[in-house]
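Survey of secondary and tertiary structure
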Amino acid sequence: MVTPALLGPPAEPVPDVERIAVLRANALGDFLFVLPALDALRSAYPEAEIVLLGAPWHAKLWRDRPGPVDRVLVVPPAPGIRDPEPGEPASGLDDFLAAARKERFDLALQVHGGGANSNPLVSQLGARVTAGLRTEGAAPLDRWIRYVYYQHEVIRYLEVAALVGAPATTIVPTLAVTDADRAEAAEVLGPPARPRVALHPGATDTRRRWPAERFAEVARELVGDGYEVLVTGTAAEQDVVDRVVAAAGVPLRPQVGTLSLGGLAGCYAGCELVVSNDTGPVHLAAAVGTATVGIFWVGNLINVANPLRGRHRPISSWTVHCPVCGVDCTPGIYPHRPGDGECPHRDSFVTDVPTVEVLEAARELLRPEPGAP
């Protein structure tokens, strides 16, 4: 157990709590970072029902999965809350809030961002006590902590949990892999002929993408080392997966749209290593216990990279100026410093990471020296 003093003294637990709402309705990596806070709530309120206010994919992921979430209540798409999923029918926020108030939540936590859009929603749930994050200009909750951009996401949400008397029990996100996950992965992939490694060369934000040709170099070397190499991606990442496979010049196994999210968890759990950009799959791999090499922009290294080094190697790019126009892209966070802060370009900020660093980290994790984890 993490010593409560590590994050400061928590508040006293709220008495007579039967039901807790937690708003976190965004992407995969974002959700995984909140798991330690959910674990803290489960430990502090073992008899309470924890209801995640999330997206349809959260409901699918948590169906019959052990963990700190008892139930998912799907929040309708709304500005600053979440975008609609493909084919999702429209539903109104007013109807959702009316149904949510009937749940009679005792606690409602906002761990969804700075609160400009999310704090008003949480305030309308009718909970006895609300708590969460607050950026300047956002509406206050009953208990709140300032949203400061540069802070590790896991610690950020643990501080929110501490506001309602739930001290940290872990700082490591952990996701249970079910028999169904493993069975799906086995059905799609078949038995491994050699130890498996997975590469994930995509990322929604193209500034986080390491060049496909360098992933291909890594793949070629690892196949030469005797590994079966999978290349995973979403449907939107088909092109970059195809580029990696074509450039590698050795047999690879692309996996685009072949696995559900649970199946991907089962797939990664069966791999020796996952090499990935900073995107949901690298955090999923770590959460299911697989070693990772991640390529990170320095700002994201601060906020989301796995803090452990026994089995994880986040490799940082130190680029802060746009590679196209040269604008310093940090002053938006630090407005008193010179520079424009933002530009319209979305070229990669991580091309300064050399292939040799990724390969060295991968091989160190795949072939640890005696005494290493």
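Above this text you will find the structure in question.
With that settled, consider the sheet that holds strand β11 (residues 291-297). Backbone hydrogen bonds hold the strands of a sheet together, and the pairing may be parallel or antiparallel. The parallel open sheet is built from six strands, whose spatial order is β9-β8-β7-β10-β11-β12. Every other strand in the sheet has two partners, leaving β9 (253-256) and β12 (312-317) as the edge strands with one partner each. Across this sheet, the average inter-strand angle for adjacent strands is 15°, counted without regard to direction. By the bridge criterion, four bridges tie strand β7 (residues 196-200) to strand β8 (residues 228-233) in an arrangement that is parallel. Looking across to β8, one finds that V197 is bridged to V229. Contacts between helix α10 (residues 261-269) and the sheet are confined to β7, β8 and β10 (273-277), with β8 contributing the most and set at about 155° to the helix.

So, about the packing of aromatic side chains. Scanning the entire structure with this criterion turns up five aromatic pairs. With a centroid separation of 6.2 Å and an interplanar angle of 90°, the aromatic rings of F31 and W57 are classed as edge-to-face. Linking F31 in helix α1 (residues 28-32) with W57 in helix α3 (residues 56-61), this pair joins segments that are 26 residues apart in sequence. Side by side, F31 and W57 carry an identical accessibility label, which is buried. Within the aromatic cluster, the residues linked to one another by ring pairs are F31, W57 and W62. Here the basic side chain of R134 rests over the ring of W144, its NZ or CZ set 4.6 Å away from the ring centre. Against the face of Y147 rests R156, its NZ or CZ located 4.2 Å from the ring centre.

Residue position: H312 is located in strand β12. A polar atom in the side chain of H312 sits 2.8 Å from the side chain of T292. For H312, the residues in contact, after removing those within four places along its chain, are A286, T290, A291, T292, N306 and L365.

This part covers α10. Three or four residues apart is the spacing at which side chains of an α-helix point the same way, because the helix has 3.6 residues per turn. Among the nine residues in α10, seven count as buried, and that is most of the element. Of the residues making up α10, those classed as buried are G262, G263, L264, A265, G266, C267 and Y268. Close packing links the buried residues of α10 with α7 (179-189), β7, β8, β10 and α11 (280-287).

Right, let's get into the nonpolar core. Counting residues in hydrophobic clusters, the biggest one holds 59 residues, and the most contacted among them are I20, L38, L41, Y45, L107, Y268 and L284. Looking at this core, the element that brings in the most residues is helix α6 (residues 153-163), giving six residues. Ignoring anything within four residues of it in the chain, the contact list for I20 reads L41, Y45, A48, E49, I50, V51, F105, L107 and L109. Core analysis: the next-biggest nonpolar cluster, separate from the first, contains 40 residues, A219, L222, V241 and V244 among them.

Turning our attention to the pairing of β7. Strand residues, when the strand is regular, have side chains that alternate between the two faces of the sheet. Judged by how many residues are buried, β7 sits mostly within the fold: five of five residues are covered. Side chains of β7 alternate between two faces, with R196, A198 and H200 and V197 and L199 buried alike. Note that the unit made of β7, helix α8 (residues 212-224) and β8 has a crossover that is right-handed. As judged from the four bridges shared by β7 and β10, these two strands associate in the parallel manner. What sits directly across from L199, in β10, is V275.

Calculation criteria
- Residues numbered from 1 in each chain as written.
- Predicted model: local features only at pLDDT ≥ 70, side-chain atom pairs only at ≥ 80, totals over all residues.
- Heavy atoms only, no water.
- Pairing = 2+ DSSP bridges.
- Helix = DSSP H or I, 4+ residues; strand = E, 2+ residues; numbered from the N terminus.
- Axes fitted to C-alpha atoms, helices over the stretch in contact; angles between N-to-C directions.
- Contact = heavy atoms within 4.5 Å.
- Phe/Tyr/Trp six-rings, centres within 6.5 Å; stacked < 30°, edge-to-face > 60°.
- Buried < 20%, exposed > 50% of the residue type's maximum accessible area, 1.4 Å probe, protein only.
- Lys NZ or Arg CZ within 6 Å of the ring centre and 35° of its normal.
- Polar contact = N/O pair within 3.5 Å; in protein donor to acceptor, adjacent residues only side chain to side chain.
- Core = buried A, V, L, I, M, F, W, Y, C linked by side-chain atoms within 4.5 Å.
- Right-handed = clockwise from strand over helix to strand, strands pointing away.

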